[in-house]
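Take a look at the letters that make up each chain.
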Amino acid sequence: MAERKRQYWLLKSEPTSYSLDDLKRDGTTAWTGVRNYQARNYMRDDMKPGDGVLFYHSSTDPMAIVGVCEITSVGKFDETALDPKDHHYDPKSTPQNPIWFAVDVKYKRTFAEPITLTEAKSMKGLEKMVLLQKGSRLSIQPVTDKEWEIISKRK
DNA sequence: GCCAACGTTGGC
DNA sequence: GCCAACGTTGGC
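Below, the structure is looked at part by part.

Calculation notes
- Residues numbered from 1 in each chain as written.
- Chains lettered and ligands numbered in written order.
- Predicted model: local features only at pLDDT ≥ 70, side-chain atom pairs only at ≥ 80, totals over all residues.
- Heavy atoms only, no water.
- Helix = DSSP H or I, 4+ residues; strand = E, 2+ residues; numbered from the N terminus.
- Rg over C-alpha atoms; globule rule 2.2 N^0.38 Å.
- Buried < 20%, exposed > 50% of the residue type's maximum accessible area, 1.4 Å probe, protein only.
- Contact = heavy atoms within 4.5 Å.
- Areas by Shrake-Rupley, 256 points an atom, 1.4 Å probe, with all protein chains shown as cover.
- Lys, Arg positive; Asp, Glu negative; His and termini not counted.
- Charge placed at Lys NZ, Arg CZ, Asp CG, Glu CD.
- Near = heavy atom within 4 Å.
- Polar contact = N/O pair within 3.5 Å; in protein donor to acceptor, adjacent residues only side chain to side chain.
- Pairing = 2+ DSSP bridges.
- Core = buried A, V, L, I, M, F, W, Y, C linked by side-chain atoms within 4.5 Å.

### Observations concerning the overall build of chain A
So, point 1. A tally of helices and strands in chain A yields four helices and eight strands.
So, point 2. Its C-alpha atoms give chain A a radius of gyration of 15 Å, near enough to 15 Å, the size a compact globule of 155 residues would have.
So, point 3. Based on the C-alpha atoms only, the size of chain A along its principal axes is roughly 45 × 45 × 30 Å.
So, point 4. By the burial criterion, 46% of the 155 residues in chain A qualify as buried.
So, point 5. Here the contacts in chain A between residues at least 6 apart in sequence split such that 73% fall between residues at least 24 apart.
So, point 6. Surface summary for chain A: the accessible area is close to 8,900 Å², and the carbon and sulfur share equals 51%.
So, point 7. Counting 25 positive and 22 negative side-chain charges, chain A places the averaged centre of each group 4 Å from the other.

And the structure:
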């Protein structure tokens, strides 16, 4: 069987709800609570252990790509759908008939200097990046090899 | 706080 | 299956 090529992703999070520092503390976390079908599809169908992840802080000052993580599981059932007290509760999603999925994400490193949204917009080679497109609000986005190469070079 | 962009829902 | 109404995201 042919080796699958490593793919790259960007995960958005509001640092007040879950920051890269939180992930550094936890080591690994299940990326639960995603309730958007396109983002779900990426987790369920496309993400594989070893894939690279850029971690982005949204709705904060400054908004920035703050570091690098790694996918360490394939898509699995999102348990938060079962909990009536959870904000992401969805009784239609059950282990027998799963709708919502999560992947495990492992902390790798934090950039000494975050790449702010403003800076990213000025960087050569990132013009097509999903994050920078007008109206783009997907919380899980694919990142191209070239974009990964440019961004993950950051110390 | 505003609002553009987009996704989802539900009436028909 | 269309589409108006509504809700959410997230940059500004």
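### Section: the protein's contact with DNA strand C
So, point 1. Around DNA strand C sit Lys12, Tyr56, Ser59, Met63, Leu117, Lys121 and Arg137, and those are all the residues in its vicinity.
So, point 2. Sugar plus phosphate: this is where 74% of the atoms of DNA strand C within 4 Å of the protein reside.
So, point 3. Tyr56 has a polar side-chain atom sitting 2.9 Å from a phosphate oxygen of DNA strand C.

### Re unusual backbone geometry
So, point 1. The amide bond that connects Asp61 to the next residue, Pro62, takes the cis arrangement and shows omega of -5°.
So, point 2. Within the fold, Pro62 resides in the loop between β3 (52-57) and β4 (64-71).
So, point 3. In the Ramachandran plot, Ser59 falls in the positive-phi region, its phi being about 50° despite a non-glycine side chain.
So, point 4. Within the fold, Ser59 resides in the loop between β3 and β4.

### Some words on the pairing of strand β7 (residues 104-116)
Every regular strand shows the same layout, with side chains that alternate between the two sheet faces.
So, point 1. Pairing geometry for strand β2 (residues 28-30) and β7, over three bridges, is antiparallel. Bridged to Thr28 within β7 is Lys106.
So, point 2. Pairing geometry for β4 and β7, over seven bridges, is antiparallel. Following the sheet pairing, Glu70 is matched in β7 by Lys106.

### Description of the nonpolar core
Looking at soluble globular proteins, one finds that nonpolar side chains tend to be buried together.
So, point 1. Residues Leu23, Trp31, Met47, Phe55, Val105 and Ile140 are the most contacted members of the largest nonpolar core, which totals 22 residues.
So, point 2. For this core, the elements supplying multiple residues, two or more each, are β1 (8-13), α1 (20-26), α2 (37-46), β3, β4 and β7.
So, point 3. Per element, the largest residue contribution to this core is four residues, and it comes from β4.
So, point 4. Among all residues touching Ile140, those that are not within four sequence positions of it are Trp9, Leu10, Leu11, Trp31, Val34, Ala39, Tyr42, Met43 and Met47.

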